[in-house]
Amino acid sequence: MAFIIIAFLLLLYPVIIERTEKAAIIRIHANATSAMVHDSIAKYYGNGFASKVTRLCKVRGTDFATRHGAYEIPEGSNALTAMRRLTRGGQTPVRITINGFRDIDLLCRRIAAKMEFTEHDLRAALADPAVLEPYGLDYNQAMALFLDDTYEVYWTTSPQELIAKIGRNYSSFWNDINRNKAEALGATPAEIMTVASITDEETNKLSEKGTIGRLYINRLRKGMRLQADPTVRFALKDYSIRRVTRKHLGVESPYNTYIHKGLPPGPIRTTSRATLDAILDSEPNDYLYMCAKEDFSGTHNFATSFEEHSRNARRYQKALNARGIR
């Protein structure tokens, strides 16, 4: 009996003594083989550890073709623990954080980097009218659906399933109360999302966002062009521009609100609940113009007349010139 115990311990010792120095997510693709899983483990922990884990999986009779998913092997795991994670543990959720993505290509690329599907798969799903129709959006407005937030999904989640989960968050925000607030402003939820996206590009100051959102709504009501500098940067795909000048204003794009009346076709970035609440709950104002303050505080001077705005603008232009910003 003692011999059997000693033999058992000698066999078990190698698989329990070596422990992982870091955590890693092991992704098992559909119809994966033992060799494929071995290579995935070896990438993080080396061939020796990977061989121990896959041998234990073989003893357990694991068919990796049925374990499609992503599984975390925690720091400090031995081969026995790793085997248990891969053979009977639940999938490890993927955390996707949306935070001010400035175009749909970037959004799809960043999300797909954490998922099994490709960015092309996600774009294709968003381009399907039936996918966005329940939310009253089209492809140009697709970024509106992705409220800034953190979402947990499984690596194996399909693009359609991901959109449905994110869509539930969108629908939760756009309940009857908030839809009625948007209607009182003479706008649809999709239009408010676009106004909010421009507002976010104008300022990081939450205290100003309601005022700026109202200002743009005022211009829309009067049939004025928005003349929003952020839409020009978006049209040019150049966010390094600090001073929008005449040479920039001529870019032909439906997003150039210096040329085209009304809102651009869709948001110019993802936005947050905080910005939306600030606009929907904002106090009425008569402002039609805004200009960054000459003290570079990140806040703005607001004006109801073009004459007042021109004075504000001259002070700001003078400050730009003094700093050599062109």
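Higher on the page you've got the structure.
These numbers come from a predicted model, not from an experiment.

Attention now moves to the overall build of the protein chain. Scanning the protein chain from terminus to terminus reveals 14 helices and 6 strands. In summary, the protein chain has a C-alpha radius of gyration of 27 Å against a globular reference of 20 Å for 326 residues, an excess of more than 25%. Summarising its shape, the C-alpha atoms of the protein chain cover approximately 100 × 45 × 35 Å along the three principal directions. Here the protein chain holds 326 residues, and 48% of them are scored as buried. Sequence-distant contacts in the protein chain: of pairs separated by 6 or more residues, those separated by 24 or more amount to 64%. Accessible surface for the protein chain amounts to roughly 16,900 Å². Of this, 50% is attributable to carbon and sulfur atoms.

To continue, consider the packing of helix α9 (residues 189-202) against helix α11 (residues 229-236). Where α9 meets α11, the closest approach of the two axes is 8 Å, and the angle between their N-to-C directions is 95°. For the element pair α9 / α11, the angle class is roughly perpendicular. Residues I198, E201 and E202 of α9 form the contact with α11, whose participating residues are D229, P230 and T231. Its residues assigned to classes, the contact of α9 with α11 comprises 2 nonpolar, 1 polar and 3 charged.

With that out of the way, let us pick up the environment of L220. By secondary structure assignment, the location of L220 is in helix α10 (residues 206-221). Along the primary structure L220 and K261 are separated by 41 residues, whereas in three dimensions their C-alpha atoms are 8.3 Å apart. Apart from the residues lying within four places of it in its own chain, the contact partners of L220 are V195, L226, G262 and L263.

Within the secondary structure, G324 sits in the segment after α14 (306-322). Residue G324 is classed as partly exposed on the basis of its relative accessible area, which comes to 47%. Between the alpha carbons of G324 and A124 there is a distance of 45 Å; along the sequence they are 200 residues apart.

With that out of the way, let us pick up the pattern of salt bridges. Counting across every chain of the model gives 9 salt bridges. Where E152 meets R95, a salt bridge forms, and the shortest distance between an N and an O atom there is 3.2 Å. With E152 in strand β4 (residues 149-153) and R95 in strand β3 (residues 94-98), this pair connects stretches of sequence that are 57 residues apart. Using a relative accessible area of 41% as the deciding quantity, one classes E152 as partly exposed. Taken together, the shared-partner salt bridges in this structure form one network comprising R102, E201 and R269.

About the cut-offs
Residues numbered from 1 in each chain as written. Predicted model: local features only at pLDDT ≥ 70, side-chain atom pairs only at ≥ 80, totals over all residues. Heavy atoms only, no water. Helix = DSSP H or I, 4+ residues; strand = E, 2+ residues; numbered from the N terminus. Rg over C-alpha atoms; globule rule 2.2 N^0.38 Å. Buried < 20%, exposed > 50% of the residue type's maximum accessible area, 1.4 Å probe, protein only. Contact = heavy atoms within 4.5 Å. Areas by Shrake-Rupley, 256 points an atom, 1.4 Å probe, with all protein chains shown as cover. Axes fitted to C-alpha atoms, helices over the stretch in contact; angles between N-to-C directions. Parallel < 35°, antiparallel > 145°, perpendicular 65-115°, else oblique. Nonpolar A, V, L, I, M, F, W, Y, C, P; charged D, E, K, R; others polar. Salt bridge = Lys/Arg side-chain N within 4 Å of Asp/Glu carboxyl O.

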